[in-house]
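What the coordinates show
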Amino acid sequence: MTSPDDVLARVVREHAGRLAASLVSLLGDFSAAEDLVADAVETALRRWPVEGVPDRPDAWLFTVAKNRGLDVLRRQARYREKLAQLQWPVQPEPDDRLRLIFTCCHPALSREAQIALTLRVVCGLTTAQIARAFLVPETTVAQRLTRAKRKITDAGIPYRIPAPEELGERLAQVLHVVYLMFNEGYLSSSADRVQSHDLVADADWLASLLHGLMPREPEIAGLLALIRLHRARTAARFSPEGNLVQLQDQDRSRWDQQMIGEAVELLTRAAHHRRPGPYQLQAAIVACHAEAKSWEDTDWPQIVILYDMLLCLAPSPVTRLHRTIALRYVSGAEKALAELDSLGLDRYHLYHATRAELLRDLGRDDEAREADQRALELTANPAEQALLKQRLRP
Amino acid sequence: MKYVLMFCETEQWEKDWEAMDQSERDAGFAKVGQWMAEHADKITHNRKLAGPETATTVRLEDGEPIITDGPFIEGKEVVSGYVEVEVADLDEALRMARTWPACPLVEIRPVLM
């Protein structure tokens, strides 16, 4: 289902970043360019719902930004001259948006600033949309953006694709930003958050933009596949009442098989590069679930192997926790519980929720209830709270 | 752009340095000398500072200047030297800082002209 808001978001996303990239190149001033694009986007979001989306939204945004620039950049005569000479259609370099993304995700900026800047500059979200998506006050986001833009200028953060020897590490930063965006959107998506911007769609779009610009980087393909494999199951994740449905209880006929097939294909092609990474492995794990006919048919031994590989590359107690869930079906609940108890994740709700399931398997129902109770105390997510309350009902 | 790279020592670093013998320290100095030589075309100025125990702080905020012994913050990390560099942008300054072979913290600040 596509709402008019989704259409607007898609059109803005497609053109705002491109325009920003051209203007940063032209003016050599990230902050000034970004202000002009943000203004044009705000104007578009005010006028398009009334007047309709113009035939050439890119030309429209360009004209508004240019006129605005000629108007407000009075004191910067240099910028005005450059802008005045600029004619439609502009021909941005194919790599311009890539430079823009690397600048927004520069490690000298805080993680929050990287996320906010990328959403704003590359995806064309407004400050208000970012604030709603992350449930923080608009002034906080505005401050974050202002501070980040000032730092880009004052600290001399360059507008360019990193040198080859730095590319790997810098790309990892960019992918992490996209991943966090996706996660935020995915975990918070529920009936009561329909008003918020669809961060999952933004993350999907960014990953696919990056994949198009850097097709030989398997981890980008891995992240894109991961996002698509999760998205393919969206329809089955919530009951008609808006409650979260766990993977084992989901109606698999509602999964988008075409999307799953394409994502698996993407992942297979990425694997040909023989450069495995955390996103490819996570996607491979999700693919095992997505391709299983039922929960019982899941290839658990394969999943445990993939988790072992993932732990080799990126050790983390949370990953080990997820591995124990698979281990339960390979080595039994007792073994999985022993493994789980060694993790020391006492402050993490999923640790207790998983523990509860294992304890129930072993017939230790009283302890299972205690663990569910503890999980309930530790989660702030309404959908998860509802699920746990249901389990605790006598 | 001009930046200053401030080199900071930590308590642990200082302890390790104390524990070294002369040949190890000489090797340490040699590495720093080599780093300076490699980046000589970018370094416009460089200084090593005497230890924090030689520092004196003057506070001018309440009328009469107040003179106290020691650095203005009693911290676990102490600036022990700096270089001023002229490079294209932050990434180039970061590349230099990454290869710094001595103390474990480097703060990079643009210089206001």
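This one's a predicted model, so the numbers in the text were calculated from it and none came from an experiment. (Residues numbered from 1 in each chain as written. Chains lettered and ligands numbered in written order. Predicted model: local features only at pLDDT ≥ 70, side-chain atom pairs only at ≥ 80, totals over all residues.)

What follows concerns the overall build of chain A. Secondary structure assignment for chain A yields 19 helices and 0 strands. Rg of the C-alpha trace for chain A: 23 Å, near the compact-globule value of 21 Å for 394 residues, within the 12% margin. Dimensions along the principal axes, computed over C-alpha positions, put chain A at roughly 75 × 45 × 40 Å. The buried share of chain A, taken over its 394 residues, is 40%. (Helix = DSSP H or I, 4+ residues; strand = E, 2+ residues; numbered from the N terminus. Rg over C-alpha atoms; globule rule 2.2 N^0.38 Å. Buried ≥ 20, exposed ≤ 12 C-beta atoms within 10 Å, placed from the backbone.)

A word on the overall build of chain B. Across its full length, chain B holds 3 helices and 6 strands. Counted from the first residue to the last, chain B has its helices and strands arranged as β-α-α-β-β-β-β-α-β. Burial analysis of chain B (113 residues in total) assigns 11% to the buried set. Restricting to contacts in chain B with at least 6 residues of sequence separation, those with at least 24 account for 77%. (Contact = placed C-beta atoms within 7 Å.)

To continue, consider helix H2 (residues 30–51) of chain A. Residue and element names in this part refer to chain A. For H2, with 22 residues, the first-to-last C-alpha span of 30 Å sits near the 32 Å given by 1.5 Å per residue. For H2, the full list of buried residues reads Phe30, Ala33, Glu34, Leu36, Val37, Ala38, Ala40, Val41 and Ala44. Just past H2, the residue glycine 52 takes up positive phi, approximately 90°. (Expected span 1.5 Å × (residues − 1).)

We now examine the packing of helix H3 (residues 57–72) of chain A against helix H4 (residues 77–85) of chain A. In a pair of packed helices, the angle between the axes and the distance between the axes together describe the arrangement. All names here are of chain A. One can describe the packing of H3 onto H4 by two numbers: an axis separation of 9 Å at closest approach and a directional angle of 150°. By the angle between their directions, the pair H3 and H4 is classed as roughly antiparallel. Between H3 and H4 lies a crossing whose hand is left-handed. Counting all contacts with H3, which are made through Lys66, Gly69 and Leu70, the residues of H4 involved are Tyr79, Arg80, Leu83 and Ala84. A breakdown of the residues in the contact of H3 with H4 according to their chemical character gives 4 nonpolar, 1 polar and 2 charged. (Axes fitted to C-alpha atoms, helices over the stretch in contact; angles between N-to-C directions. Parallel < 35°, antiparallel > 145°, perpendicular 65-115°, else oblique. Left-handed = near helix turned anticlockwise from the far one by under 90°. Nonpolar A, V, L, I, M, F, W, Y, C, P; charged D, E, K, R; others polar.)

All names here are of chain B. The 4 strands lie next to each other as E2-E5-E1-E6, forming an open sheet whose pairing is antiparallel. Since the sheet does not close on itself, it has two edges, and those belong to strand E2 (43–48) and strand E6 (105–110), each with one partner. Averaged over all adjacent pairs, the angle separating strand axes in this sheet is 20°, with direction ignored. Relative to strand E5 (residues 77–86), strand E1 (residues 2–10) runs antiparallel, the two being bridged by 9 bridges. Paired with methionine 6 across the bridge in E5 is tyrosine 82. (Pairing = 2+ DSSP bridges.)

The sites that UniProt annotates as "domain: YCII-related" (unreviewed entry) are residues 1–111 of chain B. Secondary structure across residues 1–111 of chain B comprises 32% helix and 35% strand; the distance between its end C-alpha atoms is 8 Å. (UniProt positions renumbered as here; feature names shortened; annotations may be inferred.)

A few words now on the interface of chain A and chain B. The accessible area lost on association of the parts is a frequent measure of interface size. Taken together, the contact pairs 7 residues of chain A with 5 residues of chain B. The residue makeup of the side of chain A that touches chain B, split by class, is 5 nonpolar, 1 polar and 1 charged.

The domains assigned to chain A are domain 1 (1–159 + 168–214) and domain 2 (320–394). Inter-centroid distance (C-alpha atoms) of domain 1 of chain A to domain 2 of chain A is 41 Å. (Domains from an automatic or database assignment.)

On to the nonpolar core. In globular proteins that are soluble, nonpolar side chains generally tend to be buried together. All names here are of chain A. With 117 residues, the main nonpolar core has Ala20, Val37, Val178 and Leu229 as its most contacted residues. Each of domain 1 (1–159 + 168–214) and domain 2 (320–394) accounts for three or more of the residues forming this core. Beyond its immediate stretch of four places on either side in the chain, leucine 229 contacts Ile260, Ala263, Ala283, Val286, Ala287 and Ala290. (Core = buried A, V, L, I, M, F, W, Y, C linked by C-beta atoms within 7 Å.)

According to UniProt, the "domain: RNA polymerase sigma-70 region" (unreviewed entry) feature falls on residues 12–78 of chain A. Between the C-alpha atoms that bound residues 12–78 of chain A there is a distance of 28 Å. The span itself is 84% helix and 0% strand.

What follows deals with the confidence of the model for chain B. In regions of low pLDDT, the predicted coordinates are not meant to be interpreted in detail. Across chain B, pLDDT averages 93, with 100% of residues at or above 70. With pTM at 0.88, the complex prediction returns an ipTM value of 0.85. (pLDDT = per-residue confidence, 0-100.)

We now examine the pairing of E1(B). Residue and element names in this part refer to chain B. Here E1 shows a clear split, with Tyr3, Leu5, Phe7 and Glu9 buried on one side and none of Lys2, Val4, Met6, Cys8 and Thr10 buried on the other. As judged from the 6 bridges shared by E1 and E6, these two strands associate in the antiparallel manner. Looking at the pairing, cysteine 8 lines up with leucine 105 of E6.

Turning our eyes to something else, we now look at the packing of helix H14 (residues 300–313) of chain A against helix H15 (residues 317–331) of chain A. Residues and elements named next belong to chain A. Closest axis-to-axis distance for the H14/H15 pair is 9 Å, and the angle between their directions is 155°. Taken together, H14 and H15 sit at an angle that is classed as roughly antiparallel. As for how H14 packs across H15, the hand of that crossing is left-handed. Between H14 and H15, the contacting residues are Trp300, Pro301, Ile303, Val304, Tyr307, Leu310 and Leu311 on the first element and Thr319, Arg320, His322, Arg323, Ala326, Leu327, Tyr329 and Val330 on the second. Class assignment for the residues of the contact of H14 with H15 results in 11 nonpolar, 2 polar and 2 charged.

Under the present numbering, the feature "domain: RNA polymerase sigma factor 70 region 4 type" (unreviewed entry) in UniProt falls on residues 101–152 of chain A. Along residues 101–152 of chain A, the helical share is 75% and the strand share 0%, with 13 Å between the first and last C-alpha atoms.

Attention now moves to the environment of A:Asp198. All names here are of chain A. Mapped onto the secondary structure, aspartate 198 falls in the loop between helix H9 (164–188) and helix H10 (199–213). Distance in space between the C-alpha atoms of aspartate 198 and methionine 181 is 9.9 Å, their sequence separation being 17 residues. Once residues lying within four places of it in the same chain are set aside, the contact partners of aspartate 198 are Asp6, Ala9 and Gly185.

Our focus in this paragraph is the environment of A:Val178. Residue and element names in this part refer to chain A. Looking at the element boundaries, valine 178 is found in helix H9. Judged by the 26 C-beta atoms lying within 10 Å of it, valine 178 is buried. Sequence separation of valine 178 and glycine 363 is 185 residues, and the distance between their C-alpha atoms is 42 Å. Excluding residues that lie within four positions of it along the chain, valine 178 makes contacts with Ala203, Leu206, Ala207 and Leu223.

For the rest of this paragraph, the subject is the pairing of strand E4 (residues 66–69) of chain B. Residues and elements named next belong to chain B. Here strand E3 (residues 56–59) runs beside E4; their pairing, made up of 4 bridges, is antiparallel. What sits directly across from threonine 57, in E4, is threonine 68. Two successive antiparallel strands, E3 and E4, enclose a turn made up of 6 residues, where glycine 63 displays a positive phi of approximately 75°.

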